[in-house]
Amino acid sequence: MTRIPRTDERRLWDSLMEMARIGATPGGGVGRLALTDLDREARDLFVRWAEDAGCTVRIDRIGNIFARRSGGDESLPPVMTGSHLDTQPLGGRFDGIFGVLAGLEVVRTLNDAGIATRHPIEVVVWTDEEGARFRAGTAGSSAFTGLRSVDDMLALRDPDGKTLGAELARIGYAGNAPVGGMAVAAFFEAHIEQGPILEAEGTTIGAVQGAQGQRCFLVTVEGEEGHAGTMPMDRRRDALLGAARMVDALNAIAFRHRPMPVITVGSLRVRPDSPNTIPGAVTFTIDSRHPDDATLDRVGAEMRSTCEDIARDLDLALVMTETSHRASVSFDPDCVEAVRRAAARLGHTCRDIYSGAGHDACNMAHITPTGMIFVPCEKGISHNEKENARPEDLAAGADVLLHVLVERAGAGAASPGASTV
Ligand code: GLV
Ligand code: MN
Ligand code: MN
């Protein structure tokens, strides 16, 4: 048995802080939307660090980046880890980035200790996890796992009409490697919890059992534009009034099914968006989530009929299309157990936990044994510039990741000077 060293808390923290400078916001967070120039800068930095750590980098057609540390037996499928470098418009320094840089820290630690593994280890940066710009979310891992087609993902458009494919080419990350279609031995993703449970309990590690289902919709409400001064109130077909009633009614649906469903209208556009014109059309998004897929479907039907009723009452037209549908996911019991075991071995407190957020790991669970490692974040705040985490908790998560990756990647033909695992 090889003694597995600890990861370097300081190096991990410094890397996170250096990455956080790219797209830093005045409020202390990061705004680095997928496939912008800032995303390119972050990707370039990761690629440089990965190559400096001796990895071979390959980029696939959807822009996923794979940094490969060779294994003792290169014919074996890689054990993968990773997450995303893109953020919300006013996002934090850790959501996604921690998972990528924890993977890199594992590689650096293995290198320093001269430890070889049988399977190669690959650290992945998935393209456009957040969906903040192209509205789909987990685009790269959805394509990699075959859950969505590569062409559909490349054709996604941002609100300005730019396609994901064109933006990928523009920033130089439309790679040549085929998307997916390869064996993966296992996948682990380290992530901040993005919720309050671990911190409130004083627990360091969350062994993630699964994630709730999610259905997203795009709703267009159409009425008629008119003069704000001349059109009497009883003759208006005000699309924003309809949308406002719908937002309130959707919120009430979540409360009726308390405590589980969460329903969010996070984006709303008004046409023509002028102070003295009655709004003629409104487009808004709905993000709905629940751990039970059947209940999520019932909530979906209720949301649709409620919006239809409101539209009818106000003589408005309604189009509600589903933009994404992800079933709930259970992670592989052996991978969950491996996280628990590693936490125990390292002397960290650990509890089982369910993920409220979606993750690339949820897609990977469809094609390979998958697990996730959560660490606490301050007050559970995420998708917010204030998102924060403690260096020691992040290092604890990276240590657990190191253990589970080494366990899965196995003892290998040691490279010169390396110890066996
Ligand atoms: C990912 O950030 C999500 O919205 O769950
Ligand atoms: Mn994330
Ligand atoms: Mn996120």
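As the structure is a prediction and not an experimental result, all values here were calculated from the model.

Asker: How do you make sense of the overall build of the protein when you look at a structure like this?
Answerer: Helix and strand content of the protein: 12 helices and 16 strands. Its C-alpha radius of gyration of 23 Å places the protein within 12% of the 22 Å reference for a compact globule of 421 residues. Across its three principal directions, the C-alpha atoms of the protein cover 85 × 45 × 40 Å. Contacts in the protein between residues far apart in sequence, at least 24 positions, make up 81% of those at least 6 positions apart. Summing over all exposed atoms, the protein offers an accessible surface of approximately 17,300 Å²; the carbon and sulfur share of this is 49%.

Asker: How should the coordination of the manganese ion (ligand 2) be read in this particular structure?
Answerer: Between any two of four tetrahedral donors, the ideal angle at the metal is 109.5 degrees; between two of six octahedral donors, it is 90 or 180 degrees. At the metal site, the manganese ion (ligand 2) is ligated by His-84 (NE2), Asp-95 (OD) and His-191 (NE2), and these contacts range over 2.0 to 2.3 Å. Written as a sequence motif, the donor residues of the manganese ion (ligand 2) are H-x10-D-x95-H. If you look at the manganese ion (ligand 2) and the manganese ion (ligand 3), they sit 3.7 Å from each other and are both ligated by Asp-95. Separated by 11 residues along the polypeptide, His-84 in strand β3 (residues 79–84) and Asp-95 in the loop between β3 and α3 (97–113) bring together distant segments of the chain. Accessibility assignment for this pair places His-84 and Asp-95 in one class, buried.

Asker: Mind showing me how you'd approach the coordination of the manganese ion (ligand 3) here?
Answerer: Every protein donor of the manganese ion (ligand 3) is accounted for by Asp-95 (OD), Glu-130 (OE), Glu-130 (OE) and His-383 (NE2), and the metal-donor separations fall at 2.1 to 2.5 Å. Each donor residue of the manganese ion (ligand 3) belongs to the same chain, with the gaps between them written as D-x34-E-x252-H. In this structure Glu-130 comes out as buried when scored by relative accessible area, which is 13%.

Asker: Just checking my understanding: could you explain empty space enclosed by the protein for this structure?
Answerer: Evaluation of the coordinates by the stated rule reveals three cavities of 30 Å³ or more. In this structure, the largest cavity encloses a volume near 60 Å³. Along the walls of the largest cavity sit Ala-211, Gln-212, Gln-214, Arg-289, Arg-326, Ala-327, Val-329, Gly-356, Ala-357, Gly-358 and Cys-362, which together make up its complete lining. Each residue belonging to the lining of the largest cavity can be placed in one class, and the counts come to five nonpolar, four polar and two charged. Counting the residues that make up the lining of the largest cavity, at least three belong to each of domain 1 (9–211 + 329–409) and domain 2 (213–326).

Asker: What should I look at first to understand the site of ligand 1 in this one?
Answerer: In the vicinity of ligand 1, the contacting residues are Glu-129, Glu-130, Arg-289, Ala-357, Gly-358 and His-383. In this structure, Arg-289 approaches ligand 1 through a side-chain N or O atom, which is 2.7 Å from an oxygen atom. One of the backbone nitrogen or oxygen atoms of Gly-358 is found 2.7 Å away from an oxygen atom of ligand 1. Notes on ligand 1: free accessible area 190 Å², of which the protein chains cover 88%. Class assignment of the residues belonging to the shell around ligand 1 gives a composition of one nonpolar, two polar and three charged.

Asker: Help me understand the pairing of strand β1 (residues 56–59) in this model?
Answerer: Looking down a regular strand, the side chains alternate between one sheet face and the other. The sheet contact formed by β1 and strand β2 (residues 65–69) spans four bridges and is antiparallel. Paired with Arg-58 across the two strands is Phe-66, which belongs to β2. Where β1 folds back onto β2 in an antiparallel hairpin, the turn is made up of five residues, including Gly-63, whose phi is positive at roughly 90°.

Asker: Looking at this model, I keep getting lost on the domain arrangement of the protein. Mind explaining?
Answerer: Where interface size is given, it is often the accessible area lost as the parts come together that is meant. Domains assigned within the protein are domain 1 (9–211 + 329–409) and domain 2 (213–326). On a C-alpha basis, the centroid separation for the pair domain 1 and domain 2 is 33 Å. Of the residues lining the interface, 13 residues belong to domain 1; the matching set on domain 2 comes to nine residues. For the domain 1 and domain 2 pair, buried surface summed over both sides reaches about 670 Å², with 35% attributable to carbon and sulfur atoms. Taken together, domain 1 and domain 2 are joined by zero salt bridges. Linking domain 1 with domain 2 are four residue pairs in polar contact (both at pLDDT 80 or more), by the criterion used here. Tallied by class, residues from the side of domain 1 that touches domain 2 come to five nonpolar, six polar and two charged.

Conventions we followed
Residues numbered from 1 in each chain as written. Chains lettered and ligands numbered in written order. Predicted model: local features only at pLDDT ≥ 70, side-chain atom pairs only at ≥ 80, totals over all residues. Heavy atoms only, no water. Helix = DSSP H or I, 4+ residues; strand = E, 2+ residues; numbered from the N terminus. Rg over C-alpha atoms; globule rule 2.2 N^0.38 Å. Contact = heavy atoms within 4.5 Å. Areas by Shrake-Rupley, 256 points an atom, 1.4 Å probe, with all protein chains shown as cover. Donors = N, O, S within 2.8 Å, 3.2 Å for Na, K, Ca; no water. Buried < 20%, exposed > 50% of the residue type's maximum accessible area, 1.4 Å probe, protein only. 1 Å grid on protein atoms, 1.4 Å probe; cavity = no way out; pocket = protein on both sides within 12 Å on 5 of 7 lines; lining within 4 Å. Points joined across faces, edges and corners; volume = space filled by probe spheres on them. Nonpolar A, V, L, I, M, F, W, Y, C, P; charged D, E, K, R; others polar. Domains from an automatic or database assignment. Near = heavy atom within 4 Å. Polar contact = N/O pair within 3.5 Å; in protein donor to acceptor, adjacent residues only side chain to side chain. Pairing = 2+ DSSP bridges. Buried area = accessible area lost by both parts, 1.4 Å probe. Salt bridge = Lys/Arg side-chain N within 4 Å of Asp/Glu carboxyl O.

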